[in-house]
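This is what each chain is made of:
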Amino acid sequence: MPAARAVAPAADPLRVDDLRALEAEAVHVIREVAAEFERPVLLFSAGKDSIVLLRLAEKAFRPSPVPFPVMHVDTGHNFPEVIDFRDRRLARGGHRLVVASVQQAIDTGRVREQGGPGASRNRLQTRTLLDALAEGGFDAAFGGARRDEERARAKERVFSVRDQFGQWEPRAQRPEPWSLYNGRIHRGEQVRVFPLSNWTELDVWRYVALEGLELPSIYYAHERDVVERDGMLLAVSDLTPARPGERVQRLQVRYRTVGDLTITGAVRSEAADVEAVIAELGTATVSERGATRADDRTSVAAMEDRKREGYF
């Protein structure tokens, strides 16, 4: 299924002004990092947030090319539509792709894969990411996380300092008064940078519409074979076959977030274009991660525990 390009609905001038203010803030952050750090890298999952982040980076340095590479932490359990989109989008923009492979980390013994029902490679991304950052000598990594996604991410600063082991301590985060960012770090430390911190899911979609950005087709309504498991609709695939007793249903669904297909759920939806998605989100009462990511349901502190270990 080809990727879908957004067609902008009629723009509300006030909302456009709000989006351009968020855009200007993010571009400022990206330029600050390029000025203060020696080797930044942009983390790119080919999800909607990282697609917006990449567009902002392109705007920050236009007409020059983006002066840092793009990294994808690849679990090997991706939606095919997303990997196809990743390769086309980065090739079209002339970006240099660094792939941090979880499968390679498993093969070399850096991480150990879990087995059994409910196992996923999501937690294995942390070690894989930290190894890739160290190997590339990267001292700053841009991420597309937003504060409205999840309670642990709400604690993040725009500049999130990680220690020499890549770990995060929320109580040690620096104040950022008047949008002043402190990029001074000791040797071996890193900074994760979140230019979209003050955006919401709805802001992201309105920006997709405003800019006419192309997204992987799974963000829009389509038919897919799914099973209901643990309160989520999981795609039926070679990696996620139906279990005994589960009923396979072919439903009209879309995805609100892109991740490892073994733990990322779909939502029922008829929203086949960007305008319909924006209208649908106007009635949503649960964040995209809370509604569709099994890894965030293991405990109320699941994300914070992973972030302390070095996760995005």
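Rules and cut-offs
Residues numbered from 1 in each chain as written. Predicted model: local features only at pLDDT ≥ 70, side-chain atom pairs only at ≥ 80, totals over all residues. Heavy atoms only, no water. Salt bridge = Lys/Arg side-chain N within 4 Å of Asp/Glu carboxyl O. Helix = DSSP H or I, 4+ residues; strand = E, 2+ residues; numbered from the N terminus. Buried < 20%, exposed > 50% of the residue type's maximum accessible area, 1.4 Å probe, protein only. Pairing = 2+ DSSP bridges. Axes fitted to C-alpha atoms, helices over the stretch in contact; angles between N-to-C directions. Contact = heavy atoms within 4.5 Å.

Draft legend 1. Representation of the pattern of salt bridges in the model. Scanning all chains against the criterion turns up 24 salt bridges. A salt bridge links Arg127 to Asp131; the nearest nitrogen and oxygen atoms lie 3.1 Å apart. Placement of the pair is Arg127 and Asp131 together in helix H5 (residues 125-136), with a separation of four residues, close to one helical turn. Given a relative accessible area of 22%, Asp131 falls into the partly exposed group. Of the charged contacts in the structure, one is a salt bridge between Arg256 and Glu201, with a shortest N-O distance of 2.7 Å. With Arg256 in the loop between strand E11 (249-254) and strand E12 (267-268) and Glu201 in helix H6 (residues 201-211), the pair connects residues that are 55 residues apart, well separated along the chain. Beyond isolated ion pairs, a larger network of salt bridges with shared partners links Arg20, Glu23, Arg55, Glu58, Lys59, Arg89 and Glu211.

Draft legend 2. A look at the sheet that holds strand E2 (residues 40-43). The strand order E4-E3-E2-E5-E7-E6 describes an open sheet built from six strands, whose pairing is mixed. Because the sheet does not close on itself, it has two edges, and the strands there are strand E4 (97-101) and strand E6 (159-162). Neighbouring strand axes in the sheet, compared pairwise and without regard to direction, differ in orientation by 30 degrees on average. As paired strands, E2 and strand E3 (residues 70-74) are joined by two bridges and run parallel to one another. Bridge pairing links Leu42 to Val70 in E3. Packing against the sheet, helix H2 (residues 48-61) makes contact with E2, E3 and strand E5 (140-142), and its axis sits at approximately 145 degrees to E2.

Draft legend 3. Unusual backbone geometry, seen in detail. Here the bond from Arg62 into Pro63 is cis, since omega is 5 degrees, no more than 30 degrees from zero. By the element assignment, Pro63 lies in the loop between H2 and E3. In this structure, Ser179 is a non-glycine residue whose phi angle is positive, near 60 degrees. By secondary structure assignment, the location of Ser179 is in the loop between E6 and strand E7 (190-193). Positive phi, close to 55 degrees, is recorded for Asp230, a residue that is not glycine. Considering the arrangement of structural elements, one finds Asp230 in the loop between strand E9 (222-229) and strand E10 (232-235).

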